[in-house]
Amino acid sequence: MTMLLGGVHIPADVLTAWEEQRLVIFTGAGVSMSPPSSLPNFAGLAAEVASILQSLLDPEADEWKDQLDTFMDVMNEDDGVDVHRLVQGIVTKEGSAPNANHNALAQIASRFSTRVITTNYDLHLETALRAHHDGPLDVFRAPAMPLGDDFEGLVYLHGSAEDDPRRLVVTDRDFRHAYFHSAWAARFLERMFREYVVLFVGYSHSDVVMKYLGLGLGPKSKRYVLTDSPDLAIWKRLHVAPLEYPSGRHDVLTNCLTAWADHGARGLLEHRQRIRELVSIASKPTPEELSYLEDSVERPDRIAFFCEFATDNVWLEWAAQQEPFKKLFDRSALPDAVMTQLAQWFARDFALVDDTTVEGDERRSVRAWRVFAEAGGVLSTTAWNAVGQGLLAFSGARPEHVLRWLWVLMEQEHAGCQDDFLDYALEYAEVWDDQALCLALLAHLMAPRLVPETGWGTARIGVKTRGDLHWLDKAWKKYEPDLDALAPVVFPVVEVALLKHLDLEARVGATSIGFNRRRSAIQPHEQDRYR
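All of the points below concern the structure found in this document.

### Observations concerning the overall build of the chain
And step 1. Looking only at helices and strands, the chain has 25 helices and 11 strands in total.
And step 2. Taken over C-alpha atoms, the radius of gyration comes to 35 Å for the chain, far larger than the 24 Å a tight globule of 531 residues would show.
And step 3. Counting the 531 residues in the chain, one finds 49% classified as buried.
And step 4. In the chain, the proportion of contacts linking residues at least 24 apart, taken out of those at least 6 apart, comes to 66%.
And step 5. When the accessible surface of the chain is summed, it comes to about 25900 Å², and 51% of that surface belongs to carbon and sulfur atoms.
And step 6. Averaged over its 53 positive side-chain charges, the chain has a centre that lies 6 Å from the centre of its 78 negative ones.

### Things to note about the pairing of strand β4 (residues 115-118)
And step 1. With burial as the criterion, each face of β4 is covered, one bearing R115 and I117 and the other bearing V116 and T118.
And step 2. Two elements, β4 and strand β6 (residues 153-156), share four bridges in a ladder whose sense is parallel. Bridge pairing in β6 links T118 to Y156.

### What to know about the packing of aromatic side chains
And step 1. Overall, the coordinates contain 28 aromatic pairs when judged by the stated rule.
And step 2. On the basis of an interplanar angle of 40° and a centroid distance of 5.0 Å, the ring pair of F26 and F200 is categorised as tilted. Separated by 174 residues along the polypeptide, F26 in strand β3 (residues 23-27) and F200 in strand β7 (residues 197-201) bring together distant segments of the chain.
And step 3. Relative accessible area serves as the criterion here: at 1%, F200 is assigned to the buried category.
And step 4. The interplanar angle of 75° and the centroid separation of 5.0 Å between the aromatic rings of W345 and F350 together place this pair among those described as edge-to-face. When sorted by exposure, W345 lands in the same class as F350, which is buried.
And step 5. One aromatic cluster is present, formed by F306, W315, W318, F325, F329, W345, F346, F350, W369, F372 and W405 through successive ring pairs.
And step 6. Positioned above the aromatic ring of F193 is the side chain of R223, whose terminal nitrogen or guanidinium carbon lies 6.0 Å from the ring centre.
And step 7. Cation over ring: R404 sits above W369, and NZ or CZ is 4.1 Å from the ring centre.

### Side note on helix α4 (residues 83-91)
And step 1. Of the positions making up α4, those classed as buried are V83, H84, V87, Q88, I90 and V91. All buried residues of α4 fall inside an arc of 165° around its axis, so they share one side.
And step 2. Close packing links the buried residues of α4 with α2 (42-53), α3 (68-76) and α7 (172-181).
And step 3. Sitting at the amino-terminal end of α4 is D82, which places a side-chain oxygen 3.2 Å from the backbone nitrogen of H84.

### Notes on the sheet that holds β3
And step 1. Taken together, the seven strands give an open sheet; going across it, the order is β5-β6-β4-β3-β7-β8-β9, and neighbouring strands pair in parallel fashion. Of all the strands in the sheet, just β5 (139-141) and β9 (241-244) have a single pairing partner and so form its edges. On average, adjacent strands in this sheet sit at an angle of 20° to one another, irrespective of strand direction.
And step 2. Two strands pair when backbone bridges link them, and β3 and β7 are joined in this way by five bridges, in the parallel orientation. Bridge pairing in β7 links F26 to F200.
And step 3. The sheet contacts of helix α5 (residues 100-111) involve β3, β4 and β7, and relative to β3 the element is tilted by about 160°.

### Here we look at the environment of D13
And step 1. The topology assignment puts D13 in helix α1 (residues 12-19).
And step 2. Classification of D13 as partly exposed rests on a relative accessible area of 37%.
And step 3. Setting aside anything within four residues of it in sequence, one finds D13 in contact with K222 and Y224.

### Points about unusual backbone geometry
And step 1. Here the residue pair P35 and P36 is connected by a cis peptide bond, since its omega of 0° sits within 30 degrees of zero.
And step 2. Mapping P36 onto the fold places it in the loop between β3 and α2.
And step 3. At the junction of A142 and P143, the peptide bond is cis and its omega measures out at 5° in the coordinates.
And step 4. As for its placement among the helices and strands, P143 is situated in the loop between β5 and β6.
And step 5. Of note in the backbone geometry, S38 takes a positive phi value of approximately 55° without being a glycine.
And step 6. Assignment of secondary structure puts S38 in the loop between β3 and α2.
And step 7. Judged by relative accessible area, S38 falls into the partly exposed class, the value being 32%.
And step 8. Even without being glycine, Q54 reaches a positive phi, approximately 55°.
And step 9. Counting through the fold element by element, Q54 comes out in the loop between α2 and α3.
And step 10. Taking the relative accessible area as the measure of exposure, Q54 reaches 70% and is therefore exposed.

### Quick notes on the nonpolar core
And step 1. F306 and F325 are the most contacted members of the largest nonpolar core, which has 109 residues in total.
And step 2. It is helix α17 (residues 337-351) that contributes the most residues to this core, nine residues altogether.
And step 3. Other than its neighbours up to four places away in sequence, F325 contacts L316, A319, A320, L342, W345, F346 and V371.
And step 4. Residues V83, A142, V225 and I234 belong to the second largest nonpolar core, which totals 48 residues.

### Quick look at the side chain of H414
And step 1. The residue H414 is located in the loop between α20 (400-412) and α21 (420-425) in this model.
And step 2. Sequence-distant contacts of H414, that is, excluding residues within four places in its chain, are made with R331, L379, S380 and T381.

### So, the pattern of salt bridges
And step 1. Overall, the coordinates contain 25 salt bridges when judged by the stated rule.
And step 2. Here E126 ties to R141 by a salt bridge, and the two come within 3.7 Å at their closest N and O atoms. In this pair, E126 sits in helix α6 (residues 124-132) while R141 sits in strand β5, placing the two residues 15 residues apart along the sequence.
And step 3. Taking the relative accessible area as the measure of exposure, E126 reaches 7% and is therefore buried.
And step 4. Among the ionic pairs, R466 bridges to E413, the shortest N-O distance being 3.6 Å. Taken together, the residues span a long stretch of sequence, with R466 in the loop between β11 (460-465) and α23 (469-479) and E413 in the loop between α20 and α21 at a distance of 53 residues.
And step 5. A relative accessible area of 25% means that R466 is categorised as partly exposed.

Rules of the game
Residues numbered from 1 in each chain as written. Predicted model: local features only at pLDDT ≥ 70, side-chain atom pairs only at ≥ 80, totals over all residues. Heavy atoms only, no water. Helix = DSSP H or I, 4+ residues; strand = E, 2+ residues; numbered from the N terminus. Rg over C-alpha atoms; globule rule 2.2 N^0.38 Å. Buried < 20%, exposed > 50% of the residue type's maximum accessible area, 1.4 Å probe, protein only. Contact = heavy atoms within 4.5 Å. Areas by Shrake-Rupley, 256 points an atom, 1.4 Å probe, with all protein chains shown as cover. Lys, Arg positive; Asp, Glu negative; His and termini not counted. Charge placed at Lys NZ, Arg CZ, Asp CG, Glu CD. Pairing = 2+ DSSP bridges. Phe/Tyr/Trp six-rings, centres within 6.5 Å; stacked < 30°, edge-to-face > 60°. Lys NZ or Arg CZ within 6 Å of the ring centre and 35° of its normal. Arc of directions from axis to C-beta. Polar contact = N/O pair within 3.5 Å; in protein donor to acceptor, adjacent residues only side chain to side chain. Axes fitted to C-alpha atoms, helices over the stretch in contact; angles between N-to-C directions. Core = buried A, V, L, I, M, F, W, Y, C linked by side-chain atoms within 4.5 Å. Salt bridge = Lys/Arg side-chain N within 4 Å of Asp/Glu carboxyl O.

So this is what it looks like as structure tokens:
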């Protein structure tokens with residue numbers, strides 16, 4: 001399951017981790033390249049350093065391919081050259097300012113719990129975070145790292161331009177110190193990757209940083225990267241799942257981050273209004289709008305809004321294709337808040353709606369029956385209870401298409417079903433106008449079942465009626481006035497039920513109905529007035 005944000009599919013795992021404060025946003029040079037930041041990536045940084053030094057070495061030459069850190073080391077070895085200070089000057093150049101990527105990332109990160117790591121030296125992300133962060137922002141600068149599996153705030157993994165430039169991780173020697181010798185970066189990353197879901201933003205396959213990051217990747221952590229090159233072998237080698245946007249369209253990346261930030265900024269009232277608009281419009285929603293709805297029907301805090309406004313057949317047909325709704329017809333599905341809301345929506349607005357005045361296939365009840373049949377004709381426990389509750393709460397006379405669900409409930413009652421909904425069905429006045437349904441319900445509720453019993457100094461298995469005796473008594477009183485006329489149809493039902501009880505008692509050695517213990521005789525007697 002993914003959500004389409006600004007043209008990029010973001011997996012539910014990432015969004016859920018974000019909402020549950022388990023997401024780390026890991027940013028690279030790509031986020032600072034767009035105006036007004038206009039800063040170079042690592043290759044561009046090496047080229048600018050070479051240009052300033054008027055070096056004859058070309059960082060784009062084949063000998064320096066994937067070795068730009070070594071190139072920086074060579075530049076730094078010349079007498080009087082301080083590459084670190086040159087890099088500091090480049091990333092703090094006048095006129096460079098936070099761009100849309102920084103602002104969107106800051107909004108995303110600040111929405112739930114701020115956990116951001118950057119390999120950039122510039123201060124733009126920190127500036128944006130301070131503008132959007134509620135309260136003080138913890139900032140960690142290399143080599144002083146927090147605990148990788150328990151941190152919050154912004155981490156400058158390779159140093160900050162605000163610090164002494166000698167602390168910037170720029171050259172091959174710096175990287176080896178951070179990841180091999182002192183290994184403070186590797187230790188931090190190993191624990192961080194093991195604990196959190198990580199989203200890389202602004203990294204390319206050729207980024208020199210990626211080969212060092214691979215040293216700290218935990219074997220079981222979940223890692224994703226926003227990239228326009230999803231098929232490159234490096235992602236598979238590092239066990240990083242690519243989230244694709246069109247090649248060269250880095251504006252799509254910005255659109256994705258901005259859409260994500262806008263999505264995160266919505267409060268519940270805004271979500272309610274948005275969902276209301278989408279399910280009420282006559283025109284077909286866009287793929288991104290449908291993606292938002294797909295995400296919403298999986299969210300316990302938003303599913304109620306969908307159920308409140310989506311009362312047209314088209315939304316029932318759409319919901320039938322969504323995984324949360326499919327669980328309504330899966331006997332093994334465990335109940336949850338989303339299922340409960342969808343089940344009540346299905347029962348109330350479709351299956352049990354009184355639409356007898358509507359003609360043909362436009363009837364919502366007809367569509368509901370079709371969806372039920374096409375799903376296999378089996379109700380989950382959650383859906384069974386929702387239909388049972390809906391039958392009980394039905395206002396007015398229950399039409400035929402509503403009462404047919406009683407047949408389904410009787411046929412599919414199982415452990416976990418709130419079976420007193422069938423007890424209450426004995427009270428429906430209109431049920432007694434349908435003799436076949438009435439007798440079937442009576443037979444179902446008089447059927448025997450095994451029930452554990454304690455007392456009398458021992459534990460045993462008893463046999464009791466499926467229905468509650470209180471409601472069976474009330475039902476029986478409805479028969480008594482016309483018992484002479486009804487006896488031919490009622491007596492076989494009662495006789496079969498009693499014989500099944502006695503047979504089951506004999507097989508399990510139970511005595512809960514046993515006349516030899518509970519009653520002195522079949523005929524009424526004063527000593528038998530207590531059941």
